[in-house]
Amino acid sequence: MTPGRAAASGGAGRSASAVGFSVDARWERGAGWSGPTALVATERGVRPATGADPAPGRHLPGTVLPGLTDAHVHLALVDPAALRRGGLAAVDDLGGNPDVLAELARTPGLPVVRYAGAFLTAPGGYPSDRSWAPCGAVEEVAGPAPAVSAVDRQVAAGASFLKVVLHPGAGPELDDETLGAILTRARAHGRPVVAHVEGEGQARRAHEARVDRLAHAPFTERLPDDLVAAMARAQQWISTLDIHGWESPTREQDVALDNLSRFAAAGGTVVYGTDQGNGPLPAGVDPRELCALGAAGLAADDLLRALTSTPVATSTTYVPGPRPDPDAPPAAVAAWLASAVVLTTSDLVGSPPPPPEPLGKAHP
Ligand SMILES: [Zn+2]
């Protein structure tokens, strides 16, 4: 047996390889920073080493943190392997053909894939008329009874959550009864509902319908403080600030930043997401999104919490080099995360993975 490796007993007769290693620093949700420290990686994830574990076999000069998640992507429109090379351990696809996504979720070498399946929208509603929407990526829902079967179809195809569209300026919209039927059916399956919200009054409508998560920080209008505070108690918002202009931020980004800063200040849960597939975003962790989140008032620890919205048991993140100070500006955190790599247990046994492609480069 090589140093640092031991057979640890798994459940039900399975055995998992346990790999001991040490790092300069570790960051965990809830626990914050620690280190230098000895850790153990198993198939179930990374945890602090105990006396019963194998001694550390190698030292990683840098920081280990949970897998980073982009909670808003469209895998049909990007190279999923490039997202993993760019430091993302997991992605949430918010609108695509569920059968294609189920296949991607089984493909090795990609980020962990969770998905909504098809966009649920009104007949002829957004984005059914968009050229970028792939075949099977939109379900046109013509009333409460079809809503039930549309939700059932996504869940049967492996959806972890549902995606609804509230965008009346771009075509027909779901009526309240149909929207309510989607939410009720999703709840019955234990699946949260994520909404695309665009147009005046739609953020309030999503809140009153008890949508769980918004796919974009609201960017149409400045929301009143009392509504923002109520939403902060009830909902999560995915950021997607960088899509408003990319290199050249637009008025929509100003509106979204204004809403998001008040949402965060009111204690709302901000989730990192970029809408990968929508315009020239860097493939992987997006430094511009992190800087924009910093402008919304998120500190270094808040950025890491937003980036680790989903537990990813099968992999962890390694960032070589010295960690940023707790009060480092967002740009410093973004620059540090530019060298993040996704590690699995087998990576920790073998040689270190090559560094990722530099960030900040637009995806072709
Ligand atoms: Zn999207």
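Residues numbered from 1 in each chain as written. Predicted model: local features only at pLDDT ≥ 70, side-chain atom pairs only at ≥ 80, totals over all residues. Heavy atoms only, no water.

1. A short note on the pattern of salt bridges
Opposite charge on two side chains permits pairing when their charged atoms draw close. By the definition in use, this model includes 18 salt bridges. One salt bridge in this structure joins Glu-173 and Arg-205, with 3.1 Å as the shortest N-O distance. With Glu-173 in the loop between β12 (162–166) and α4 (176–188) and Arg-205 in helix α5 (residues 202–208), this residue pair connects regions lying 32 residues apart in the sequence. On the basis of relative accessible area, Glu-173 is assigned to the partly exposed category, the value being 40%. Given a relative accessible area of 15%, Arg-205 falls into the buried group. In this structure, Asp-302 engages Arg-305 in a salt bridge whose closest nitrogen and oxygen atoms are separated by 2.8 Å. Residue Asp-302 and its partner Arg-305 are both found in helix α9 (residues 300–307); the two are separated by 3 residues, about one turn of the helix. (Salt bridge = Lys/Arg side-chain N within 4 Å of Asp/Glu carboxyl O. Helix = DSSP H or I, 4+ residues; strand = E, 2+ residues; numbered from the N terminus. Buried < 20%, exposed > 50% of the residue type's maximum accessible area, 1.4 Å probe, protein only.)

2. Quick notes on the packing of helix α6 (residues 225–234) against helix α7 (residues 251–265)
Relative orientation of the contacting elements α6 and α7 amounts to 55 degrees, with a least axis distance of 9 Å. As judged from the angle between their axes, α6 and α7 are oblique. Of the two elements, α6 crosses α7, and the hand of that crossing is right-handed. Mapping the contact onto sequence places Asp-225, Val-228, Met-231 and Ala-232 in α6 and Asn-259, Arg-262 and Phe-263 in α7. Looking at the contact of α6 with α7 residue by residue, the classes come out as 4 nonpolar, 1 polar and 2 charged. (Axes fitted to C-alpha atoms, helices over the stretch in contact; angles between N-to-C directions. Parallel < 35°, antiparallel > 145°, perpendicular 65-115°, else oblique. Left-handed = near helix turned anticlockwise from the far one by under 90°. Contact = heavy atoms within 4.5 Å. Nonpolar A, V, L, I, M, F, W, Y, C, P; charged D, E, K, R; others polar.)

3. Regarding the nonpolar core
Judged by nonpolar contacts, the single largest core of 73 residues is most densely connected at Leu-75, Leu-260 and Leu-337. Split by domain, the residues of this core number at least three in each of domain 1 (5–66 + 315–349) and domain 2 (69–307). Excluding residues that lie within four positions of it along the chain, Leu-75 makes contacts with Pro-80, Leu-83, Val-91, Asp-93, Leu-101, Leu-104 and Val-113. In this structure, Leu-39, Ala-41, Leu-343 and Leu-348 belong to the second largest nonpolar core, which totals 11 residues. (Core = buried A, V, L, I, M, F, W, Y, C linked by side-chain atoms within 4.5 Å. Domains from an automatic or database assignment.)

4. Concerning the confidence of the model for the protein chain
Looking at the protein chain, pLDDT values average 90 and 91% of them are 70 or higher. The low-confidence segment residues 1–15 (pLDDT under 50) makes 28 contacts with residues lying over four places distant or belonging to another chain. (pLDDT = per-residue confidence, 0-100.)

5. Digging into the sheet that holds β12
Sheet strands associate in pairs through backbone hydrogen bonding, adopting either a parallel or an antiparallel arrangement. Ordered in space as β11-β10-β12-β13-β14-β15-β16, the 7 strands form an open sheet in which the pairing is parallel. The open sheet has two edge strands, β11 (138–140) and β16 (269–271), and neither has a second partner. Strand direction decides the pairing type here: strand β10 (residues 119–121) and β12, joined by 2 bridges, are parallel. Bridging from a neighbouring strand, Phe-119 pairs with Lys-163 of β12. (Pairing = 2+ DSSP bridges.)

6. Topic: helix α8 (residues 287–295)
For an α-helix, the turn length of 3.6 residues means that residues three or four places apart are oriented alike. Residues Pro-287, Glu-289, Leu-290, Ala-292, Leu-293 and Gly-294 constitute the buried set of α8. Each element contacted by the buried residues of α8 is listed here: α7, β16, α9 and α10 (330–337). Here α8 starts with a cap whose side-chain oxygen sits 3.0 Å from the backbone nitrogen of Arg-288, and that cap is Asp-286. (Polar contact = N/O pair within 3.5 Å; in protein donor to acceptor, adjacent residues only side chain to side chain.)

7. Description of the pairing of strand β8 (residues 90–93)
Alternating positions in β8 separate into two faces, Ala-90 and Asp-92 on one and Val-91 and Asp-93 on the other, with burial throughout. Examined bridge by bridge, strand β7 (residues 69–73) and β8 share 3 bridges and lie parallel to one another. Bridged to Thr-69 within β8 is Ala-90. Regarding the hand of the β-α-β motif, the stretch spanning β7, helix α1 (residues 80–85) and β8 is right-handed. Here 4 bridges tie β8 to strand β9 (residues 112–115), and the two strands are oriented parallel to one another. Its bridge partner lying in β9, Asp-93 is registered against Tyr-115. Handedness of the crossover is the feature at issue here: the chain leaves β8, passes through helix α2 (residues 98–105), returns alongside β9, and the resulting connection is right-handed. (Right-handed = clockwise from strand over helix to strand, strands pointing away.)

8. Overview of the sheet that holds β8
Read from one edge of the open sheet, 3 strands run β7-β8-β9, paired in parallel fashion. Only two strands of the sheet have a single neighbouring strand rather than two, namely β7 and β9. The mean angle between the axes of side-by-side strands here comes to 20 degrees, regardless of whether they run parallel or antiparallel. Where α2 meets the sheet, its contacts fall on β8 and β9, and the angle it forms with β9 comes to roughly 155 degrees.

9. Observations concerning the domain arrangement of the protein chain
For the protein chain, the assigned domains read domain 1 (5–66 + 315–349) and domain 2 (69–307). Here the C-alpha centre of domain 2 lies 30 Å away from the C-alpha centre of domain 1. Contact with domain 1, which involves 17 residues of that partner, is made by 16 residues of domain 2. At the boundary of domain 1 with domain 2, total buried surface from both sides reaches about 1400 Å², with 69% on carbon and sulfur atoms. Looking only at domain 1, the three residues that lose the most surface to domain 2 are Trp-27, Pro-330 and Val-342, adding up to 35% of its buried area. (Buried area = accessible area lost by both parts, 1.4 Å probe.)

10. Considerations on the packing of α9 against α10
Relative orientation of the contacting elements α9 and α10 amounts to 45 degrees, with a least axis distance of 9 Å. Here α9 lies oblique to α10, going by the angle between them. Viewed along their axes, α9 and α10 form a crossing whose handedness is right-handed. On α10, the residues that touch Ala-300, Leu-303, Leu-304 and Leu-307 of α9 are Pro-330, Val-333, Trp-336 and Leu-337.

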